[in-house]
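# What the coordinates show
Take a look at the letters that make up each chain.
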Amino acid sequence: MNQPAARRGSAAWALVITSAAGFMAALDNLVVTTALPSIREDLGGALHDLEWTVSAYTLTFAVLLMFGAALGDRFGRRRLFLVGLTVFTGASAAAALAPGIDALIAARAVQGVGAAIMMPLTLTLLTAAVPAAKRGMAFGIWGAVQGLAVASGPLIGGVLTEHLSWQWIFWLNVPLGLALLPLARLRLAESHGTGARLDIAGTLLASGGLFGIVYGLIRGPIDGWTSLTVLTGLIAGTALIGGFIHHGIRAKAPMLPMRLFRNRAFAGINAASLLMFLGMFGSIFLLSQYMQGVLGYSPTEAGLRMLPWTGMPMIVAPLAGALSDRVGGRPVVAAGLALQAIGLAWFALVLTPDASYAAQLPALVVSGIGMALYFAPAANLVMSSVRPSEQGIASGANNALREVGGALGVAVMASIFAAQGGYESGQSFVDGLLPALWVGAGAVALGAVAVLFAPSRRQEARRKAEGATEAEAGEKDLVAV
């Protein structure tokens, strides 16, 4: 086999392996939500315990993502990808076999650890395997799979729970993981980052800070925003994040160099990612309950009716990746975020206790197109905004901010829902849902504005042609604005 053909084969295998692994990690964010009543029936536990089956995964995933990326850069990205995949697969089996609610929560936390190691390395491994000219299309396919996994979690969880049992939402990962392990070992090439020593201080500051903030946000609606535990988590977490930022400025080899945020492309796309996931996660969390609790659909029926939203990335995202290669990622991402915001606002305008599916359909379609336009070009913008040696750091930071945005979205929008409405009746649910959706739409719209502050393709080309440093380019662009 000649070298170009071998490279194409390697790229194809990398795309399959990284997309499948990313699908599993992304799917488990929301797949458990529609299974909670069945889990409570089998394992018992209060509502507080059931909520931790969701948040235990999100918390460990969010706070350890950058550490997972740093481990891959230091010890080998393929090697750590295999470690993360093994941990995730084993924890999935443990969750399916859990004899009680506490064991399930612990298994979900370990799942998050495996996902945090595995997920950020999918993009760096894919970037290393795919030629630069083809990365837009490859990221488009990767993005379509991730978008489908995040949005279809409630559908897949509902179908498996309704027709098999809730354990199958975790058993699903086991054969996939066992199949991917030998493929990854044989088909992925090893690569490393800078080779610098691990930043233990930065890891502890970031992990502790993110844990405190996310824990406080999740517990706020339950314990009250003025409770000691919530205030301690938010204040201590914010202080630790402040220490992490200071460390990133002063340290010689920090885990996340703050100088990266001088690059408007990196800063803009990360702000947009956090806001996008804030609005999307919170909306899906509430809308899936609306369809079941208010409109009376079964979990499967609700998931099927959301397919114009959840299935759209499979159609549009590869085209979005190719389009970003032609016109640049910034306008495509901005358009996607704007459409997602319009879709959420549309929901807020038409939803009632007895809204017809026809009234919801335009919002579902617009939201699906918007989400699809975001995923692939956003990944490309993140990876192209930094040097190749720093792509592991960039991927970990971006994924961490997405997860934090998702946890923030569920916490904030659930808090607004609880303040304005409740579960007493269909009208009460809608009274809480509508203001939450407006907040979600506003957050995503702010994300569209944030990404527009990234430099255009022409500005980026001029910077490279002039041989400017990142700092110098940032200063020139800011003056231009």
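Please refer to the structure higher up on the page.
Reading guide: rules and limits
- Residues numbered from 1 in each chain as written.
- Predicted model: local features only at pLDDT ≥ 70, side-chain atom pairs only at ≥ 80, totals over all residues.
- Heavy atoms only, no water.
- Salt bridge = Lys/Arg side-chain N within 4 Å of Asp/Glu carboxyl O.
- Helix = DSSP H or I, 4+ residues; strand = E, 2+ residues; numbered from the N terminus.
- Buried < 20%, exposed > 50% of the residue type's maximum accessible area, 1.4 Å probe, protein only.
- Contact = heavy atoms within 4.5 Å.
- Polar contact = N/O pair within 3.5 Å; in protein donor to acceptor, adjacent residues only side chain to side chain.
- Core = buried A, V, L, I, M, F, W, Y, C linked by side-chain atoms within 4.5 Å.
- Phe/Tyr/Trp six-rings, centres within 6.5 Å; stacked < 30°, edge-to-face > 60°.
- Lys NZ or Arg CZ within 6 Å of the ring centre and 35° of its normal.
- 1 Å grid on protein atoms, 1.4 Å probe; cavity = no way out; pocket = protein on both sides within 12 Å on 5 of 7 lines; lining within 4 Å.
- Points joined across faces, edges and corners; volume = space filled by probe spheres on them.
- Nonpolar A, V, L, I, M, F, W, Y, C, P; charged D, E, K, R; others polar.

Where charged atoms from two side chains of opposite charge approach closely, those side chains can pair. As enumerated under the stated definition, the model contains one salt bridge in all. With a closest N to O distance of 3.4 Å, Asp28 and Arg108 form a salt bridge. Pair noted here: Asp28 is in the loop between helix 1 (3-27) and helix 2 (36-43) and Arg108 is in helix 5 (residues 101-129), with a separation of 80 residues, a long-range link. Here the two residues Asp28 and Arg108 agree in accessibility, since each one is buried.

Here we come to the environment of Gly72. Tracing the chain through its elements places Gly72 in helix 3 (residues 47-75). Exposure remark for Gly72: the relative accessible area of 0% places this residue in the buried category. Spatially, the C-alpha atom of Gly72 lies 8.9 Å from that of Pro120, the residues being 48 residues apart in sequence. Dropping the residues within four chain positions of it, Gly72 is found in contact with Arg77, Leu80, Leu121 and Ser191.

In this section: the side chain of Thr122. Checked against the element boundaries, Thr122 lands in helix 5. A polar side-chain atom of Thr122 sits 2.7 Å from the main-chain carbonyl oxygen of Met119. For Thr122, the contacting residues outside a window of four places in its chain are Thr18, Ala21, Gly22, Phe81 and Trp142.

This next bit is on the environment of Ala394. Within the secondary structure, Ala394 sits in helix 17 (residues 391-420). Since its relative accessible area comes to 0%, Ala394 is described here as buried. The residues contacting Ala394, other than those within four sequence positions of it, are Phe266, Val382 and Val386.

Right, let's talk about the nonpolar core for a bit. By size, the foremost hydrophobic cluster in this structure holds 130 residues, and its most contacted members are Phe81, Tyr290 and Trp309. Looking at which element gives the most residues to this core, the answer is helix 5, with 14 residues.

Glancing now at the packing of aromatic side chains. Taken as a whole, this structure holds four aromatic pairs when the rule is applied. Both rings, one in Trp166 and one in Phe170, keep their centres 6.3 Å apart while their planes meet at 85°; by these two values the pair is edge-to-face. Assessed through its relative accessible area of 2%, Trp166 is described here as buried. Feature note: the residues Tyr290, Phe417 and Phe429 constitute an aromatic cluster, connected by ring pairs. Directly above the aromatic system of Tyr297 lies the positively charged group of Arg305, at a separation of 4.2 Å from the ring centroid.

Right, let's talk about empty space enclosed by the protein for a bit. Scanning all chains against the criterion turns up three cavities of 30 Å³ or more. For the largest cavity, the calculated volume is near 90 Å³. For the lining of the largest cavity, the secondary structure elements donating two or more residues are helix 6 (135-163) and helix 17. Counting residues per element, the lining of the largest cavity draws most heavily on helix 17, at three residues. When the residues that make up the lining of the largest cavity are grouped by side-chain class, the tally is five nonpolar, three polar and two charged.

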